[in-house]
Protein chains: 2
Amino acid sequence: MITKPTLILDESVCRKNIVAMFSKAQRNDVIFRPHFKTHQSLEIGRWFKELGVDKITVSSLDMAEYFAPEWKDITVAFPVNILQIKTINSLVAIIRLNLLIESVETIDFLNENLTGEVGFFIKIDSGYHRTGLAPGETQKIDEILSLSRNCKLLKFRGFLAHAGHSYKCRSKEEILEIHENSVSAIASLTDRYVDQFPDLIISVGDTPTCSVAEDFSMVDEIRPGNFVFYDLVQNQIGACDLDQIAVGLACPIVAIHDERNVIVIYGGGVHFSKERLEHENFGSIYGLVAENKGNGWGEIIPEMYVRNLSQEHGIIAVPESEISNYKIGDVLMILPVHSCMTADLVSHYQTTSGKMIERI
Amino acid sequence: MITKPTLILDESVCRKNIVAMFSKAQRNDVIFRPHFKTHQSLEIGRWFKELGVDKITVSSLDMAEYFAPEWKDITVAFPVNILQIKTINSLVAIIRLNLLIESVETIDFLNENLTGEVGFFIKIDSGYHRTGLAPGETQKIDEILSLSRNCKLLKFRGFLAHAGHSYKCRSKEEILEIHENSVSAIASLTDRYVDQFPDLIISVGDTPTCSVAEDFSMVDEIRPGNFVFYDLVQNQIGACDLDQIAVGLACPIVAIHDERNVIVIYGGGVHFSKERLEHENFGSIYGLVAENKGNGWGEIIPEMYVRNLSQEHGIIAVPESEISNYKIGDVLMILPVHSCMTADLVSHYQTTSGKMIERI
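These numbers were taken from a predicted model, which means no experiment stands behind them. (Residues numbered from 1 in each chain as written. Chains lettered and ligands numbered in written order. Predicted model: local features only at pLDDT ≥ 70, side-chain atom pairs only at ≥ 80, totals over all residues. Heavy atoms only, no water.)

*Asks:* When you look at the packing of aromatic side chains in this model, what are you seeing that I'm missing?
*Replies:* One pair of aromatic rings is described through two measures. These are the centre distance and the angle between the planes. Scanning the entire structure with this criterion turns up 30 aromatic pairs over all chains. Geometrically, the ring pair formed by A:Phe282 and A:Tyr305 is stacked, given 4.1 Å between the ring centres and 5° between the ring planes. Of this pair, A:Phe282 sits in the loop between strand E12 (277–279) and strand E13 (283–285) while A:Tyr305 sits in strand E15 (residues 297–309), and the two are 23 residues apart along the sequence. Assessed through its relative accessible area of 16%, A:Phe282 is described here as buried. Summarising the aromatic geometry, the rings of B:Phe32 and B:Phe227 are spaced 6.1 Å apart at their centres and angled 50° between planes, so their arrangement reads as tilted. With B:Phe32 in strand E2 (residues 31–32) and B:Phe227 in the loop between strand E9 (221–222) and helix H9 (232–237), this residue pair connects regions lying 195 residues apart in the sequence. (Phe/Tyr/Trp six-rings, centres within 6.5 Å; stacked < 30°, edge-to-face > 60°. Helix = DSSP H or I, 4+ residues; strand = E, 2+ residues; numbered from the N terminus. Buried < 20%, exposed > 50% of the residue type's maximum accessible area, 1.4 Å probe, protein only.)

See below:
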């Protein structure tokens, strides 16, 4: 029984999302290295294992440590935090670890401090402009590659990009355009380096492009993460349908103000995160309300949304015609704006059939 | 040594904030019932105990359970979540618990389900319009009071308001205006009910008004919370100076992009929260950077701010003249936008002298 804000996981939707992405990787003959930063759960990880997946991506060394007992090939898709060299060296002793390099300083540091073999990808900026070297910065790339040859423990694996600018898209067409441009940008490096490194891997992998694109002929590996749960942001981008969203936050009603068409729930910024979405009709929102089916959720209820969040309170705008259907003690099911951030705030998931699933 | 994002607490600043608010309550002869939702730490709670404080406020029943071993008089300043009646009944067995009521439905439910004595405040909406009854809704107030008389376990304590609209202020003058209007609104109930309830308490308590106002003659109790740490929002409102901010997030530099005057830190939305602030010069920001003094922080560095956050990445805008002063592996000290939300994401604080302080 739900008594307080609880993140509910629809296992069957989640497994369908996993199978769909796995199948797409197989059809395209690319390595499937899913990003586990969204679910951060050994148990959900096993749903991938059942399909034969044996390589994963994470976004921190701590996450790599959490998954290391069950996953032996992990890429940390985040610029190396050299202050955690001890963690790196303890990981390389037990798993095949791949790191992300984008500077001479970092490769120098690893040269001097590694105690075991590490694979590395050079991070390429394929248009998002968050991190990485531009594909044209071949002088820096050459310098990094040349320095890495001084260290037997550093093995070059290939080039890696994250087309995070796909999150600004609002249609499948826009996503496909980002995909083509981003893939062309990083794949342009293949010609230049493939003779020196015949096994080099071109790795890409945001959820929007991996969900929508069908042509992966220029890449070798995909690393989507959010698709495991999807969310309202992905739906707004055009990357998923609402019925592909696999998590909802169940929140008790604690107050009803019909004079201003508002329901107050126990469920605030510490449960949803403060991630918001600009909705075309409602302005900034923090979630949409779906029918509570007891053992899951159904359709989105029109005109009902999370208008504001304090630390523990959520303010739900409710149509005047609907508000009399609710009473204090009812539980609302709310689809989150950004499932990665919402999931990060809970210690476990509760499935629609009542099973508890642990997280990191 | 800092190796990853760490919330640093300046104990001496924090203790000064506590003493200042405690002294103000004493000068004004009002009950000091600090809100512990910001720090959520038994150890920091003891810094209040040392001064003689023996009553606290929290925002959830779970938080009340956490503090119950050391605090015997707790108000849960959140509309009663009736689904947690078991927790309520286990708390009333061990502490003096005060709940917040704003509906007939809730008082009816408690009438039927309580197993021990509970104090209750009627929540008054003094202008924020989040929860509570308007001061003019005396018919509803009378109905709640009348129903409460049917239950020996329900004891009326008084009226409680939270002037959360003070967060929209941008000067001390605006805060004082909110304070006067809000206090007048709730205190207007004293005349009507004081004959029936001679001990009734008028309780108010947001950090902005409690920090700035000096006249509390119409109230009996204050419940500020955020003042223990303060933050950039409170500074923007006009509630504190920058040197009263007691927490900073220490984050390692993992990449430097001088071609676009950007530093990338390990420190993202899962460390800061996605709470943002509209800065008059920089637009939306997620933090300001202060000089890292090794054992704490100094002045704010002009023109340097957290421009964007992903899940684990923070993007720092850096003036062109400054960027060469930094290298990968350096640690930046960042003052948070909203300390309640940032603190909620950590399991402990590390003081500037290296001591670990546990949280809930």
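*Asks:* Where do I start with the packing of helix H5 (residues 104–113) of chain B against helix H6 (residues 138–148) of chain B in this structure?
*Replies:* When two helices pack together, their arrangement is given by the angle between their axes and by how far apart the axes lie. Residues and elements named next belong to chain B. Contact geometry of H5 with H6 gives a least axis separation of 9 Å together with a crossing angle of 5°. The angle between the axes of H5 and H6 places the two elements in the roughly parallel class. Here Val104, Ile107, Asp108 and Asn111 of H5 come into contact with H6, specifically with Glu143, Ile144, Leu147 and Ser148. A class-by-class count of the residues in the contact of H5 with H6 yields four nonpolar, two polar and two charged. (Axes fitted to C-alpha atoms, helices over the stretch in contact; angles between N-to-C directions. Parallel < 35°, antiparallel > 145°, perpendicular 65-115°, else oblique. Contact = heavy atoms within 4.5 Å. Nonpolar A, V, L, I, M, F, W, Y, C, P; charged D, E, K, R; others polar.)

*Asks:* Can you walk me through the pattern of salt bridges in this structure?
*Replies:* The tally for this structure, following the rule as stated, stands at 38 salt bridges over all chains. A salt bridge links B:Arg27 to B:Glu214; its shortest N-O distance comes to 3.3 Å. Of the two residues, B:Arg27 sits in helix H1 (residues 11–27) while B:Glu214 sits in the loop between helix H8 (207–212) and E9, which places them 187 residues apart along the sequence. A residue is classified by how much of its surface remains accessible, and B:Glu214, at 47% relative accessible area, is partly exposed. Ionic contacts of the salt-bridge type, sharing partners, join the residues A:Glu11, A:Arg15, A:Glu50 and A:Lys355 into one network. (Salt bridge = Lys/Arg side-chain N within 4 Å of Asp/Glu carboxyl O.)

*Asks:* What exactly am I supposed to notice about the sheet that holds E9(B) here?
*Replies:* To summarise the sheet geometry, strands pair through backbone hydrogen bonds and adopt either a parallel or an antiparallel arrangement. All names here are of chain B. Spatially, eight strands are ordered E2-E9-E8-E7-E6-E5-E4-E3 in an open sheet, and the strand pairing comes out parallel. Looking along the sheet, the strands with just one partner apiece sit at the ends: E2 and strand E3 (56–58). Direction of pairing for strand E7 (residues 154–160) relative to strand E8 (residues 201–204): parallel, over a ladder of three bridges. Residue pairing across strands places Phe159 opposite Ile202, the latter belonging to E8. (Pairing = 2+ DSSP bridges.)

*Asks:* Hey, could you run me through the sheet that holds strand E4 (residues 73–79) of chain A in this one?
*Replies:* All names here are of chain A. Strand order in this open sheet of eight strands is E2-E9-E8-E7-E6-E5-E4-E3, and the pairing throughout is parallel. Two strands lie at the open edges of the sheet, namely strand E2 (31–32) and strand E3 (56–58), each paired on one side alone. Looking at chain direction, strand E5 (residues 96–101) and strand E6 (residues 118–123) are connected through four bridges and run parallel. Bridge assignment links Leu99 to a residue of E6, and that residue is Phe120. Contacts between helix H6 (residues 138–148) and the sheet are confined to E5, E6 and strand E7 (154–160), with E6 contributing the most and set at about 170° to the helix.

*Asks:* Explain the pairing of strand E1 (residues 6–9) of chain A here, please?
*Replies:* Regular strands show a simple pattern: their side chains alternate between the two faces of the sheet. Residues and elements named next belong to chain A. Neither face of E1 is open: one carries Thr6 and Ile8, the other Leu7 and Leu9, and all of them are buried. Sheet topology note: the E1/strand E10 (residues 247–257) ladder contains four bridges and is antiparallel. Looking across to E10, one finds that Thr6 is bridged to Ala250. The pairing of E1 with strand E18 (residues 348–351) spans two bridges and is parallel. Directly across from Ile8, in E18, lies its bridge partner Gln350.

*Asks:* What's the story with the packing of H6(A) against helix H7 (residues 172–193) of chain A in this structure? I'm lost.
*Replies:* Residues and elements named next belong to chain A. At a minimum axis separation of 13 Å, H6 and H7 run at an interaxial angle of 55°. It follows that H6 is oblique to H7 by the angle criterion. Handedness of the H6/H7 crossing: right-handed. Note on element contacts: H7 touches H6 through Leu189, Arg192 and Tyr193, opposite Thr138, Ile141, Asp142 and Leu145. Across the contact of H6 with H7, the residue classes break down as four nonpolar, one polar and two charged. (Left-handed = near helix turned anticlockwise from the far one by under 90°.)

*Asks:* Just to check I follow, could you spell out H1(B) for this structure?
*Replies:* Given 3.6 residues per helical turn, the α-helix brings residues three or four places apart onto the same face. Residue and element names in this part refer to chain B. For H1, which comprises 17 residues, the first-to-last C-alpha distance of 24 Å matches the rise-based estimate of 24 Å (1.5 Å per residue) to within 8%. Burial in H1 covers these residues: Glu11, Val13, Cys14, Asn17, Ile18, Met21, Phe22, Lys24 and Ala25. Looking at the buried side of H1, the elements it contacts are strand E1 (6–9), E2, helix H2 (42–49), H8, E9 and strand E18 (348–351). The N-cap of H1, judged by a side-chain oxygen 3.2 Å from the amide nitrogen of Ser12 a few residues on, is Asp10. Within two residues after H1, Asp29 carries a phi angle of roughly 55°, on the positive side. (Expected span 1.5 Å × (residues − 1). Polar contact = N/O pair within 3.5 Å; in protein donor to acceptor, adjacent residues only side chain to side chain.)

*Asks:* Explain the interface of chain A and chain B to me, please; I cannot follow it from the model alone.
*Replies:* Listed per partner, the contact involves 52 residues of chain A and 52 residues of chain B. On the surface where chain A and chain B come into contact, there are six salt bridges. Counting across the chain A and chain B interface gives 20 residue pairs in polar contact (both at pLDDT 80 or more). Elements with a minimum of two residues in the side of chain A that touches chain B: helix H3 (61–67), E4, helix H5 (104–113), E10, strand E11 (262–266), helix H10 (269–272), strand E16 (313–317) and helix H11 (339–343) of chain A. When residues of the side of chain A that touches chain B are assigned to their parent elements, the largest contribution, four residues, is made by E10(A). A class-by-class count of the residues in the side of chain A that touches chain B yields 22 nonpolar, 17 polar and 13 charged.

*Asks:* What exactly am I supposed to notice about a negative patch on the surface here?
*Replies:* A cluster of acidic side chains, namely A:Glu173, A:Glu174, A:Glu177, A:Glu180 and A:Asp215, defines a negative patch on the protein surface. The residue A:Asp215 is located in the loop between helix H8 (207–212) and strand E9 (221–222) in this model. (Patch = residues over 30% accessible without salt bridge, like charges linked within 9 Å, V, L, I, M, F, W, Y side chains within 5 Å. Areas by Shrake-Rupley, 256 points an atom, 1.4 Å probe, with all protein chains shown as cover. Lys, Arg positive; Asp, Glu negative; His and termini not counted. Charge placed at Lys NZ, Arg CZ, Asp CG, Glu CD.)

*Asks:* Hey, could you run me through unusual backbone geometry in this one?
*Replies:* Outside of glycine, negative phi angles account for most residues, and trans bonds account for most peptide bonds. Notably, B:Gln40 is not glycine yet its phi reads approximately 45°, a positive angle. The topology assignment puts B:Gln40 in the loop between E2 and H2.

The values reported here are purely geometric and, on their own, carry no functional implication.
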